[in-house]
Amino acid sequence: IDNAFNYSVEFTGSTISDLGALKYIGGSVNFNNTNIKSLNNVEVITGDVSGLSSAADPNKKITSLGKLRIVGRSINFGYSAITSLGNLERVGMNLHLRYSEITSMGNVKSIGNSLILEEGSTIDISGIDVGNEIAYWQEAGGEIKGAFNPETNTTSLTGISDISTL
C-alpha cells in the first residue's frame with residue numbers, strides 16, 4: 001500500500017491486516033469485516049468512515065484510530081471496540097457515538113454538523129465546537145430527542161408530545 005489513496009476505498013471482506021505507511025485516503029472508506037485492527041499511520045480521510053465494527057464477526061473490529069486527525073465527512077462508532085478518539089481533531093460533518101464504547105473525546109476540537117450521543121451520556125464534550133447540534137438518541141422509538149443547538153443555546157423538542165419523557 002502506497003502513502004496515499006486519492007479515491008474511496010472499500011476494504012470489506014479484504015484479507016489486508018495492516019495499512020502500512022498509508023497516511024491519506026482521498027474519499028470514503030469502509031472497513032467492515034476486515035482483519036484491520038488499527039488505522040496506524042492514516043492521518044486524513046476526506047470522506048465518510050464506516051465499518052469500524054462487524055456484526056458478522058465481533059473479532060473483526062478496529063480497536064485504534066492510530067494517528068487519524070481529520071475525517072472530512074461523517075464517522076460512526078456504533079458497536080465499535082474503540083474507547084478513545086485519541087488524535088482525532090476534526091470531523092467535517094457528523095460524529096455518531098450512539099451504541100459506542102467511547103469514554104474519551106481525545107483531541108476533538110470541532111465537528112462541522114452534529115454530535116450524536118446516547119441518551120444520558122456523561123462524556124465530557126466541553127471545549128468542542130459543534131457546528132449545528134448536539135443530539136441525544138432516545139432508545140424508545142429510536143429517534144433523536146431533545147436536539148441541543150449550541151449556536152442558539154436551545155433544545156428543540158420537535159416531535160415530542162409528552163414533556164415527561166425527557
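Only a predicted model underlies this, so the values are computations on that prediction, with no experimental measurement involved. (Residues numbered from 1 in each chain as written. Predicted model: local features only at pLDDT ≥ 70, side-chain atom pairs only at ≥ 80, totals over all residues. Heavy atoms only, no water.)

## Digging into the confidence of the model for the protein chain
Move 1: Residues with a pLDDT of 70 or more make up 78% of the protein chain, whose mean pLDDT is 82.
Move 2: Every residue in residues 152-166 scores below 50 in pLDDT, and together they form 18 contacts with partners more than four places removed in sequence or on other chains. (pLDDT = per-residue confidence, 0-100. Contact = heavy atoms within 4.5 Å.)

## Remarks on the environment of Ile70
Move 1: Along the chain, Ile70 turns up in strand E7 (residues 70-71).
Move 2: Along the primary structure Ile70 and Gly92 are separated by 22 residues, whereas in three dimensions their C-alpha atoms are 8.0 Å apart.
Move 3: The contact partners of Ile70, leaving out residues within four places of it in the chain, are Glu43, Val44, Ile45, Leu88 and Arg90. (Helix = DSSP H or I, 4+ residues; strand = E, 2+ residues; numbered from the N terminus.)

## Section: the sheet that holds strand E9 (residues 90-91)
Move 1: Spatial ordering of the open sheet is given by E1-E3-E5-E7-E9-E11-E13, a layout of seven strands whose pairing is parallel. Each end of this open sheet is capped by a strand with a single partner; those strands are strand E1 (4-5) and strand E13 (129-130).
Move 2: Pairing of E9 with strand E11 (residues 110-111) involves two bridges; the strand directions are parallel. Looking across to E11, one finds that Val91 is bridged to Ile111. (Pairing = 2+ DSSP bridges.)

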